[in-house]
Amino acid sequence: MDDIVKKIVVLGSTGSIGRQTLDIVRAFPGRFEVVGLGNGFNTPLFKRQIDEFKPVFISTMGEIEAGYGGAKQAPFEDIVALPEVDLVVAGTVGCAGMLPTLAALNAGKTVALANKEVIVMAGPLLLAAAEAHGATILTVDSEPSAIWQCLEGEVSKPSRLIITASGGAFRDRTWGSLRDVTPEEALKHPTWDMGDKITIDSATLMNKAFEVIESRWLFDIPFDRIDVTIHRQSIVHSMVEFADGSLKAQLGPTNMGQVIQYAMFYPERQANSDLPRLNAVSMGSLTFEAMDRTLYPCFELGLEYGQKSGTYPAVLAGADEAAVSLFLQREIRFTDIPDLVSDTLAAHRPVVNTTIGDTVDASRWATENTLARHSKSTILS
Ligand SMILES: NC(=O)c1ccc[n+]([C@@H]2O[C@H](COP(=O)([O-])OP(=O)(O)OC[C@H]3O[C@@H](n4cnc5c(N)ncnc54)[C@H](OP(=O)(O)O)[C@@H]3O)[C@@H](O)[C@H]2O)c1
């Protein structure tokens, strides 16, 4: 099988997931051909990636001179749907990844999906699009990937999923004591090195609610059969319980390389000496604690609205994106994040029988509403 070359498009190539995806491309010369790259605004790094990987097509939110590096510019949605593309790595952050992900699924592609917000916004609709067009979604998120790996080869459905959580940057503090924490403090994740938005979502545990929602749709299991446990070491990435009481776990280093590579080569596994390995003897103790949900208002909010039908989950994602960006810009306090998200959800008039277009509109409305609500309260206060 070694001579198969996968033609790939990497969206969000300049981000944490995108850069690690390109590390794997580098580690396996001759196994991947980068047909397209897409990014946001980090033009200097994007240009270096174009110079190195020589994609035929690029898409950017930034400014790049026409014909740079010999690449043609095209919309994200067009690049992912090119007939020659085998694999799309969706490493974009937030609601902006929705339409490119949908376009890839509608074109019947295999999508390695890190951009979890889009599953939160419209899980059932994306799964239906994948089914209708023969497309495949492979998760690139460590906890759902662990569940996926535990389920491989099983013919029986799981009776329960147990998602592990590090607890984020403030796991030993009460919510009330977090009023004055700075973005720098919140960005210090105890075990993972990731992009800014997911690191703040990890500190509030909104990210854990997103993973529960993601797992509910990807593995077709009801919400009440998904548990979350605090596991400080982040070595057990998640567990699956079966009807006979047997529990399977997937363990790995706190490094997304394995997770990305698993999706890129699936169903093969490949040796990669660039990636760290776990040593069972030096692992030390592994601890699992019950989660005190009262400590994490974003987790409660995320689960409550992520379970609702219609446009509520998209509003949850859009409002959270705006609130996190306001916190990172020091416009609001850390502890204001759930309040702002909650106010936007309360103001929303949901659309039932939702289309993808409705979810995109709802998330945009939520982002604008959250930003406007904040600026209004700033003027009044
Ligand atoms: N990082 C991890 O370890 C990890 C683990 C599990 C899941 N995830 C998920 O993977 C996704 C990416 O996370 P990340 O940590 O890689 O984020 P990140 O480092 O912030 O990277 C985000 C990428 O998206 C691009 N981007 C931002 N806004 C865009 C827009 N409007 N249109 C097109 N591209 C845009 C950015 O481009 P520029 O930088 O050029 O502006 C960057 O390439 C998130 O959904 C996250 O929850 C990440």
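Residues numbered from 1 in each chain as written. Predicted model: local features only at pLDDT ≥ 70, side-chain atom pairs only at ≥ 80, totals over all residues.

### Some remarks on the domain arrangement of the protein chain
By a widespread convention, an interface's size corresponds to the accessible area lost as its parts come together. We note that the domain assignment places domain 1 (6-140) and domain 2 (155-254 + 276-380) within the protein chain. Using only C-alpha atoms to locate each centre, domain 1 and domain 2 end up separated by 24 Å. Between domain 1 and domain 2, the contact holds 20 residues from the first and 20 residues from the second. Secondary-structure elements contributing two or more residues to the side of domain 1 that touches domain 2 are helix H4 (98-106), helix H5 (117-133) and strand S7 (136-139). (Domains from an automatic or database assignment. Contact = placed C-beta atoms within 7 Å. Helix = DSSP H or I, 4+ residues; strand = E, 2+ residues; numbered from the N terminus.)

### What about the packing of helix H9 (residues 206-218) against helix H11 (residues 297-306)?
If you want to describe how two helices pack, look at the angle between their axes and the distance between the axes. Their axes nearest at 7 Å, the elements H9 and H11 cross at an angle of 30°. In this view, H9 runs roughly parallel relative to H11, as classed from their interaxial angle. The handedness of the crossing between H9 and H11 is right-handed. Where H9 abuts H11, its residues Met206, Lys208, Ala209, Phe210, Val212 and Ile213 lie against Cys298, Phe299, Gly302, Leu303 and Gly306. Here the contact of H9 with H11 is built from residues that sort into eight nonpolar, two polar and one charged. (Axes fitted to C-alpha atoms, helices over the stretch in contact; angles between N-to-C directions. Parallel < 35°, antiparallel > 145°, perpendicular 65-115°, else oblique. Left-handed = near helix turned anticlockwise from the far one by under 90°. Nonpolar A, V, L, I, M, F, W, Y, C, P; charged D, E, K, R; others polar.)

### Side note on the sheet that holds strand S6 (residues 110-113)
Pairing is parallel across the open sheet formed by seven strands, whose spatial order is S4-S3-S2-S1-S5-S6-S7. Single-partner strands in this sheet number two, and they are strand S4 (72-73) and S7. Pairing of strand S3 (residues 57-60) with S4, which is carried by two bridges, proceeds in the parallel orientation. By the bridge assignment for S4, Ile58 is matched with Gln73. (Pairing = 2+ DSSP bridges.)

### Quick word on the site of the ligand
Of all residues adjacent to the ligand, which total 29 residues, the nearest are Gly12, Gly15, Gly40, Asn42 and Gly195. Of all the secondary structure elements, the ones that give two or more residues to the shell around the ligand are helix H1 (16-27) and helix H8 (196-204). Along the lines of polarity and charge, the residues of the shell around the ligand split into 11 nonpolar, 13 polar and five charged. Looking at which domains feed residues into the shell around the ligand, each of domain 1 (6-140) and domain 2 (155-254 + 276-380) gives three or more. (Near = placed C-beta within 6 Å.)

### Observations regarding the sheet that holds strand S11 (residues 247-251)
Here we have five strands laid out as an open sheet, ordered S11-S10-S8-S9-S12, and mixed in their pairing. Either end of the sheet is taken by a strand with one partner, and the two such strands are S11 and strand S12 (289-290). Taken together, the five bridges between strand S10 (residues 236-241) and S11 define a ladder with antiparallel strand orientation. Bridge pairing in S11 links Glu241 to Leu247. Set on the sheet, helix H6 (residues 142-151) makes contact with strand S8 (160-165), S10 and S11; between it and S10 the angle comes to about 45°. Strands S8 and strand S9 (226-230) of the sheet are contacted by H9, whose axis makes an angle of about 155° with S8.

### A few points about the environment of Pro267
Tracing the chain through its elements places Pro267 in the loop between helix H10 (256-265) and S12. With 7 C-beta atoms packed within 10 Å, Pro267 lands in the exposed category. Linking Pro267 and Val118, residues 149 residues apart in sequence, is a C-alpha distance of 24 Å. (Buried ≥ 20, exposed ≤ 12 C-beta atoms within 10 Å, placed from the backbone.)

### A short note on H8
H8 sits mainly inside the fold: seven of its nine residues count as buried. Those residues of H8 that fall on the buried side of the exposure criterion are Ile198, Thr199, Ile200, Asp201, Ser202, Ala203 and Thr204. Close packing links the buried residues of H8 with helix H7 (183-186), H9, H11, helix H12 (312-328) and helix H13 (337-347). In the segment just after H8, Leu205 is the residue with positive phi, at about 70°.

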